[in-house]
Amino acid sequence: MAMKEIDLLQGTLDLLILKTVSSEPMHGYRIAAKIQELSDEVLRIEEGSLYPALYRLEQKGVIQSEWGMTDNNRKANFYRLTRKGRTELESETESWERLSRAVRRVLRAIEQGA
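Residues numbered from 1 in each chain as written. Predicted model: local features only at pLDDT ≥ 70, side-chain atom pairs only at ≥ 80, totals over all residues. Heavy atoms only, no water.

Tell me about a positive patch on the surface, and please be specific about residues and values.
The grouping of R98, R101, R104, R105 and R108 at the surface amounts to a positive patch. Looking at the element boundaries, R108 is found in helix α4 (residues 83-111). (Patch = residues over 30% accessible without salt bridge, like charges linked within 9 Å, V, L, I, M, F, W, Y side chains within 5 Å. Areas by Shrake-Rupley, 256 points an atom, 1.4 Å probe, with all protein chains shown as cover. Salt bridge = Lys/Arg side-chain N within 4 Å of Asp/Glu carboxyl O. Lys, Arg positive; Asp, Glu negative; His and termini not counted. Charge placed at Lys NZ, Arg CZ, Asp CG, Glu CD. Helix = DSSP H or I, 4+ residues; strand = E, 2+ residues; numbered from the N terminus.)

Now the structure itself:
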């Protein structure tokens, strides 16, 4: 049975990117690969979604990019979290956790016949 594709909301993708680059600078391909790996292959970020999101986050000042060399000796932009980005990450993480709890409560309540 084929797995149904999951569409990520823009804010969710932004949160995943911010969290992924919070530990170390990464280039775009590595960001997408890490999210896919950590999600057990459920979340696949296409280039057509990833790079506009990286551009948007850079314009907001929550990430910065710097040219560097990949492990394969290729030139690439490496993205890192800014101070403003750390604040945004904390706020967005809290919002996501609050939303997740609310959805979980609704699902449980309906299962229990509410």
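So that's the structure; there's more coming.
Explain the packing of aromatic side chains residue by residue, including any values.
One pass over the structure, following the stated rule, counts 0 aromatic pairs. Over the ring of W67 we find K75, and its NZ or CZ is 5.2 Å from the ring centre. (Phe/Tyr/Trp six-rings, centres within 6.5 Å; stacked < 30°, edge-to-face > 60°. Lys NZ or Arg CZ within 6 Å of the ring centre and 35° of its normal.)

Residues and numbers for the sheet that holds strand β3 (residues 75-81), please.
Strand order in the open sheet formed by 3 strands is β1-β3-β2, and the pairing between neighbours is antiparallel. If you trace the sheet from one side to the other, it starts and ends with β1 (26-27) and β2 (63-69), each paired once. As defined by bridge partners, β1 adjoins β3 across 2 bridges and the pair is classed as antiparallel. By the bridge assignment, M26 is partnered in β3 with Y79. (Pairing = 2+ DSSP bridges.)

So what's going on with the side chain of T82? Residues and values would help.
Residue placement: T82 occurs in the loop between β3 and α4. A polar contact of 3.0 Å, which involves the side chain of T82, links it to the backbone nitrogen of G85. Beyond its immediate sequence surroundings of up to four residues, T82 is in contact with G61, V62, I63 and Q64. (Polar contact = N/O pair within 3.5 Å; in protein donor to acceptor, adjacent residues only side chain to side chain. Contact = heavy atoms within 4.5 Å.)

Explain the pattern of salt bridges to me, using residue names and the numbers behind them.
For the coordinates displayed, the defined rule picks out 3 salt bridges. Residue R56 pairs with D14 through a salt bridge whose shortest N-O separation is 2.7 Å. With R56 in helix α3 (residues 47-60) and D14 in helix α1 (residues 10-21), this residue pair connects regions lying 42 residues apart in the sequence. Residue classification places R56 among the partly exposed positions, given a relative accessible area of 24%. For the salt bridge of K60 with E88, the shortest nitrogen-to-oxygen distance reads 3.0 Å. Of the two residues, K60 sits in helix α3 while E88 sits in helix α4, which places them 28 residues apart along the sequence. Of the residues examined, K60 reaches a relative accessible area of 37% and is grouped as partly exposed. Taking relative accessible area as the criterion, E88 reaches 23% and is therefore assigned partly exposed. (Buried < 20%, exposed > 50% of the residue type's maximum accessible area, 1.4 Å probe, protein only.)

Scope: geometric values only; no functional claims are made or implied.
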